[in-house]
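These are the residues of each chain, in order.
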Amino acid sequence: MFLMDSLIRRCRKGLPKELEAVARAEGMEPVRLARGIVDGRIVIPKNPGRKHRACAIGEGCTVKININIGTSGSRCDPALEMKKAQAALDNGADALMDLSTGGDLVAIRKKILKLDTTVGTVPVYEAVRRAGNAVDVTPDLLFKVIREHCQQGVDFLTLHCGVNRQALEALKADPRLMGVVSRGGSFHCAMMMQREEENPLYAEYDYLLEILKEYDVTVSLGDGMRPGCLQDAEKLAKSVEYNTLGLLAKKAQAAGVQRMIEGPGHMPLDQVGYNVKMIKEITSHAPLYLLGPIVTDIAPGYDHVVAAIGGAAACQNGADFLCMVSPSEHLALPDVADIIEGTRIAKIAAHVGDTVRRPEGFRMEREVQMAEARHELDWDEQFRLALYGDHAREIHERDGATETCSMCGDLCAVKMVNELFGTGKKNAGTKKDKPKDSPRP
Ligand code: SF4
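All of these numbers come straight from a predicted model, not from anything done at the bench.

1. A look at the pairing of strand β9 (residues 288-294)
- Counting buried positions over the 7 residues of β9 gives 6, a clear majority of the element.
- Sheet analysis places strand β8 (residues 259-266) next to β9, joined by 5 bridges and oriented parallel. Considered in β9, the bridge of H266 is made with I294.
- Remark: the β8/helix α13 (residues 269-282)/β9 crossover connection has right-handed handedness.
- Looking at chain direction, β9 and strand β10 (residues 321-323) are connected through 3 bridges and run parallel. Looking at β10, one finds that Y289 is bridged to F321.

2. Side note on the nonpolar core
- Counting residues in hydrophobic clusters, the biggest one holds 88 residues, and the most contacted among them are I146, L159, L208, L212 and L221.
- Leave out the neighbours within four places in its chain, and I146 touches P123, L157, L159, L201, L208 and I211.
- Of all hydrophobic cores here, the second largest spans 14 residues; its members include C11, V22, L33 and I37.

3. Observations concerning the sheet that holds strand β5 (residues 118-121)
- Strand order in the closed barrel made by the 8 strands is β3-β4-β5-β6-β7-β8-β9-β10, with parallel pairing throughout. Strand-to-strand twist in this sheet, taken as the mean axis angle between neighbours without regard to direction, amounts to 25°.
- Pairing of strand β4 (residues 95-98) with β5 involves 4 bridges; the strand directions are parallel. Opposite A95, over in β5, you have T118 as the bridge partner.
- Its contacts with the sheet place helix α15 (residues 336-357) against β3 (64-69) and β10, and it is angled at close to 160° to β3.

4. Thoughts on the pattern of salt bridges
- Evaluated as defined, the whole model comprises 27 salt bridges.
- The salt bridge involving R109 is made with E126; its shortest N-O contact spans 2.7 Å. One end of the pair, R109, is in helix α5 (residues 105-112); the other, E126, is in helix α6 (residues 123-131), with 17 residues separating them in the sequence.
- Relative accessible area serves as the criterion here: at 4%, E126 is assigned to the buried category.
- Note that R130 and E148 form a salt bridge whose closest N and O atoms lie 2.4 Å from each other. In this pair, R130 is assigned in helix α6 and E148 in helix α7 (residues 139-152), connecting sequence segments 18 residues apart.
- We classify R130 as partly exposed; its relative accessible area is 37%.
- Using a relative accessible area of 23% as the deciding quantity, one classes E148 as partly exposed.
- Salt bridges sharing common partners tie together R109, E126, R130, K144 and E148.

5. Section: the environment of S72
- In this fold, S72 is placed in the loop between β3 and α4 (78-90).
- Considering only alpha carbons, one finds S72 and L333, 261 residues apart in sequence, at a separation of 7.8 Å.
- Filtering out sequence-adjacent residues up to four positions away, S72 remains in contact with T101, G102 and L333.
- Polar side-chain contacts of S72 include one of 3.1 Å to the backbone nitrogen of S74.

6. Brief notes about the site of the ligand
- Close to the ligand lie L377, C405, M407, C408, G409, C412, A413 and V414, which account for all nearby residues.
- Looking at the shell around the ligand residue by residue, the class counts come to 7 nonpolar, 1 polar and no charged.

7. A few points about the packing of aromatic side chains
- Inspection of every chain in the model, using the stated rule, returns 6 aromatic pairs.
- On the numbers, 6.2 Å between centres and 85° between planes, the contact of F156 with Y289 is edge-to-face. One end of the pair, F156, is in strand β6 (residues 156-159); the other, Y289, is in strand β9, with 133 residues separating them in the sequence. A single burial state applies to F156 and to Y289, both of which are buried.
- Taken together, a centroid distance of 6.2 Å and an interplanar angle of 70° make the contact between F156 and F321 edge-to-face.

8. Concerning the pairing of β6
- Side-chain alternation along β6 places F156 and T158 on one buried face and L157 and L159 on a second face that is also buried.
- With 2 bridges joining them, β5 and β6 adopt parallel strand pairing. Directly across from G120, in β6, lies its bridge partner F156.
- Here 4 bridges tie β6 to strand β7 (residues 218-221), and the two strands are oriented parallel to one another. Paired with F156 across the two strands is T218, which belongs to β7.

What counts and how
- Residues numbered from 1 in each chain as written.
- Predicted model: local features only at pLDDT ≥ 70, side-chain atom pairs only at ≥ 80, totals over all residues.
- Heavy atoms only, no water.
- Buried < 20%, exposed > 50% of the residue type's maximum accessible area, 1.4 Å probe, protein only.
- Helix = DSSP H or I, 4+ residues; strand = E, 2+ residues; numbered from the N terminus.
- Pairing = 2+ DSSP bridges.
- Right-handed = clockwise from strand over helix to strand, strands pointing away.
- Core = buried A, V, L, I, M, F, W, Y, C linked by side-chain atoms within 4.5 Å.
- Contact = heavy atoms within 4.5 Å.
- Axes fitted to C-alpha atoms, helices over the stretch in contact; angles between N-to-C directions.
- Salt bridge = Lys/Arg side-chain N within 4 Å of Asp/Glu carboxyl O.
- Polar contact = N/O pair within 3.5 Å; in protein donor to acceptor, adjacent residues only side chain to side chain.
- Near = heavy atom within 4 Å.
- Nonpolar A, V, L, I, M, F, W, Y, C, P; charged D, E, K, R; others polar.
- Phe/Tyr/Trp six-rings, centres within 6.5 Å; stacked < 30°, edge-to-face > 60°.

Below you can see the structure in the form of structure tokens.
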């Protein structure tokens, strides 16, 4: 048992030392970070039982990205999942969620928890595996698994506390084409319907908060009723769930438990902005964690791009944390190549979000430097500054490492205008003084 006071409570009393490194990474004053945590607008999911690099998520922070990994009943290769985890971290992931449902779940989680990053889980998956099916998951088993994940060192738990009988009634009253697409959401629906009981995570929410407070673990209030297709975006169930999450978010904050909110699934692009703003308002501006939004349903194989379009729009309107959608979304368990591609695209969406939500916005140093390097046709500097310079270099050099590029060749507009105006290449002589390392993606 960790008897240390929770981070929220310590921020209420003063300035905890561990905020310094996180604040530095955000370019934020520690006192502002502490205020954001006290107000519930920022979270730092960090289990005190584990040492790792923590990150802040929420208002005023850079947009973070999470990568889902984990075995399934159809494909269980823990070594492959570790490779995927490492590939995600190498390509800029800020957090990993272990969604394993196949093999020795405790052993897999132990390995993932050794990585130097924020780790989340969905305990109901393991509860269902242990019980054999969703209907046989008792409240005692579910709370036991939650406690074990906390004890093991998990930083944040997705818990579908808002999938209650009221949300279920809304689902029946206003049926959806895709029903329920959240795995955790469907488990809780099965439990409630078959046993005619309330969701224990909702009915015994105070007890749940006691466990989370004891271990200072962050709750990610899951969106079990997220729409699974554009046609379902305006149906009632998700809005009923959000209202419940708003109340639960307030209770968690008052209890000293950090919380974030998950949402909103598949929805047309023009609904993203007002949904994000509505969720933020209902939930007292809690950090918002999104899968997608998926803004078209007809691009399987490219859902990572679809999610990036929705994700960037969501970040523009206040979303704080993006869950990577891989090219194999809706099709198969991702492989390493899918994870690399999905992570990179999610990181780009997050960065696009930062160009409009950070105080310096698109005038941030890296954007300005890239424009200068392009103007000077300084390719090495462009590759250093690029989010994924290795890929950019590979494309540029496939037709030879020339002064211009093969797009316009000898008719390069940049070169021609530089010669006309006597501009460009002004930093060519200082190239050797420039830093050699690329900034982290
Ligand atoms: S060749 Fe064309 S595309 Fe390439 S740098 Fe010059 S202007 Fe840009």
